[in-house]
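This is what each chain is made of:
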Amino acid sequence: MKNTLVEYPNGPVALNSSLYIPRPPLEKLGCQEITKPGAVIRIRAPKEMGKSSLMLRIVDHAENLRYQIATINFKQFDPDSLKNLDRFLRSFCLQVTTQLNLEPELDEYWDEDIGSKVSCSVYFRCHLLEQLDRPLVLVLNEINHLFEYPQLTEDFLPLLRSWYEEGKQIETWRKLRLIIVYSTEIYVPLKITQSPFNIGLPLTLSEFTVEQVEQLAQLHNLEWNRQQTEQLMAMVGGHPLLVRLAFYHLSVSEDETLENLLKSATSDRGIYQEHLQRLFRIIENDPELKLALKKLILHHKPLGLQSIFAYKLDSLGLVKLDDQQFQVRYELYRSYFYQRFELEAENDVSLPFPVKRILELERENKKLKQLFSLDPVTQLGNRESFDWQLAQEWYILSDGASPLSLIIGEVDFFKPYKDYYGVKLAERCLRQIAQAFSLVITSGNMRVFRYDIDRFAVILPKIDSREAVELAHRILENVRALNIEIDIPNYVLFPESFVTVSLGLATTKPTVNNEDIEDFKDCDRFLKATEEALKTSISRGGNRLGKSNKFN
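Residues numbered from 1 in each chain as written. Predicted model: local features only at pLDDT ≥ 70, side-chain atom pairs only at ≥ 80, totals over all residues. Heavy atoms only, no water.

A. Representation of the packing of aromatic side chains within the structure. Taken as a whole and assessed by the stated rule, the structure comprises 26 aromatic pairs. Between Phe 77 and Phe 88, the aromatic rings sit 5.3 Å apart at their centres with planes inclined by 40°, giving tilted as the arrangement. Here Phe 88 lies in helix α3 (residues 85-99) and Phe 77 lies in the loop between β2 (68-73) and α3, a separation of 11 residues in the sequence. For the pair Phe 77 and Phe 88, a shared accessibility class is recorded, and that class is buried. Look at Phe 386 and Tyr 451: their rings are 5.1 Å apart centre to centre, the planes differ by 90°, and that puts the pair in the edge-to-face class. Pair noted here: Phe 386 is in helix α16 (residues 383-396) and Tyr 451 is in strand β9 (residues 447-452), with a separation of 65 residues, a long-range link. By the burial criterion, Phe 386 is buried, and Tyr 451 matches it. (Phe/Tyr/Trp six-rings, centres within 6.5 Å; stacked < 30°, edge-to-face > 60°. Helix = DSSP H or I, 4+ residues; strand = E, 2+ residues; numbered from the N terminus. Buried < 20%, exposed > 50% of the residue type's maximum accessible area, 1.4 Å probe, protein only.)

B. Local environment of the packing of helix α7 (residues 210-219) against helix α8 (residues 226-236). Running from amino to carboxyl end, α7 crosses α8 at an angle of 110°, the nearest separation of the two axes being 10 Å. Comparing the axis directions of α7 and α8 gives the class roughly perpendicular. The hand of the α7/α8 crossing is right-handed. Here Val 210, Val 213 and Glu 214 of α7 come into contact with α8, specifically with Arg 226, Thr 229 and Met 233. Grouping the constituent residues of the contact of α7 with α8 by class yields three nonpolar, one polar and two charged. (Axes fitted to C-alpha atoms, helices over the stretch in contact; angles between N-to-C directions. Parallel < 35°, antiparallel > 145°, perpendicular 65-115°, else oblique. Left-handed = near helix turned anticlockwise from the far one by under 90°. Contact = heavy atoms within 4.5 Å. Nonpolar A, V, L, I, M, F, W, Y, C, P; charged D, E, K, R; others polar.)

C. Highlighting helix α18 (residues 423-438). For α18, spanning 16 residues, the distance from its first C-alpha to its last is 22 Å, which sits close to the expected 22 Å at 1.5 Å a residue. Those residues of α18 lying buried are Ala 426, Cys 429, Leu 430, Ile 433, Ala 434, Ala 436, Phe 437 and Ser 438. Taken together, the buried residues of α18 touch β8 (404-411), α17 (414-421), β9, β10 (455-461), α19 (465-482) and β11 (501-508). (Expected span 1.5 Å × (residues − 1).)

D. The nonpolar core, seen in detail. The biggest cluster of nonpolar side chains holds 49 residues, and the ones touching the most others in it are Leu 232, Phe 247, Tyr 272, Leu 318, Leu 332, Tyr 333 and Phe 337. It is helix α9 (residues 240-252) that contributes the most residues to this core, seven residues altogether. Sequence-distant contacts of Tyr 333, defined by excluding residues within four places in its chain, comprise His 239, Leu 242, His 275, Leu 276, Leu 279, Ile 297, Gly 317, Leu 318, Val 328 and Tyr 338. Leu 82, Leu 102, Leu 106 and Leu 157 belong to the second largest nonpolar core, which has 44 residues in total. (Core = buried A, V, L, I, M, F, W, Y, C linked by side-chain atoms within 4.5 Å.)

E. Just the pattern of salt bridges, in detail. A complete count under the given rule lists 21 salt bridges for this structure. Here Asp 387 makes a salt bridge to Arg 383, at a shortest N to O gap of 3.0 Å. One end of the pair is Asp 387 and the other is Arg 383, both in helix α16 and four residues apart, which spans about a single turn. In this structure Asp 387 comes out as partly exposed when scored by relative accessible area, which is 36%. For Arg 383, a relative accessible area of 29% gives the class partly exposed. With a closest N to O distance of 2.2 Å, Asp 522 and Arg 525 form a salt bridge. Of this pair, Asp 522 and Arg 525 are both found in helix α20 (residues 521-539), three residues apart, which corresponds to roughly one turn of the helix. The exposure class assigned to Arg 525 is partly exposed, which follows from its relative accessible area of 45%. Connected through shared salt-bridge partners, Glu 48, Glu 185 and Arg 278 make up one network. (Salt bridge = Lys/Arg side-chain N within 4 Å of Asp/Glu carboxyl O.)

Structure, rendered in structure tokens:
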């Protein structure tokens, strides 16, 4: 039954909404800070992370304390008023005066001889603050809009700073409490590597945690489990808007599934099209930033970035720092921008040979995808897609810092089983075993494939030998738990009275020299070592795990 009561995620979450997810300790810190004389609170994050929702709750707390509130949204200013400092400051003062229900007396305080900035300060202190018998919370929302007018910003921000500093000395200014709300995307057009705001308490919004995502799913009345949480977060992390969009569409549509939603996530018909297109427009307007992102995405692995590009891409929410190197923050972004950069990369001489080779393989893979990428029986990736995926993961992890594990499994004595029970039951058996393998998948980077007629493979990026062994034993247990009965007269080779599998395992830390294709032969040796480990477990009677001595 679809849920028609869930509101579409557009703008801040209303104070009375049941869908607001608290972001501790930010609410507590903000509510404590707003009570301090002369306080300044800066709420900052990329767009659509929940800044305005947090601001509403701090303002609501201030209202409960009977503070005066005035909210200025700089997007609502007339463009002509933003081209002239004097006109802007008069408009600014007039808006605040009106919201406080006071009589405007701008002409009484405005003096051309002392200038508009001093006139504005005198007006605020003498006409507004001195008339108030309680603190004034002044909310400056969407202040990033002013950065389209650099001359204005260069005068207005120092003015705010001067009020903050005056509050440490003059009692009247201590009545003023500022909440400044802005998107960190303002940093992109600026030649800076640090925030232009560095006063007061900064509140930076981060992503939802696993627990918060599951709490939100419950609030949407979804039947939800941890595996679905991991699937969704493998694509969009804990980005508040992206998660809420997914839950909205899943809750209001009876036919929508998480699998279909994620499958179309990067397309022009997907639910994230507006979000992705907005980011793409920003990147397209900055050629140097686009080149930095392009190299990061096409290399398929973390890279070092120049500080200004790292700062701007992080401000957009596109990258994250991982062990002193940067990688794309979400699979959604990696896949979306990859599709748009792929064709441009053909003539990019700055890309090393392995990157170009992977691009060629991916283009070939896309052409064959409909026919060859999925095994028709199990709906897992087939051997061709396995080969492509293994080569890609090998290159992604080729700095030698992270492990790569591989498990290959074979159904014990599958041929006699198929001969006796027939094709239909044999295919059913394979589908059940495919599911048993898939149950160990805990992240979007792990993949299960049908490796051969009676074989399956699991690629495990960033999984070390110890953890891979634990996953392999879980596979053995999952297959045993299927309890697929075997009763073939006069056939005694089966290790048990039910279907089992044998497994081979290898783990290594891949390395690739950008200039030497021969290094990819280590990937082939790694694959053969895993197959040899499988043969060892089969030779010992099956229903067990064999480990490679060469690569573990």
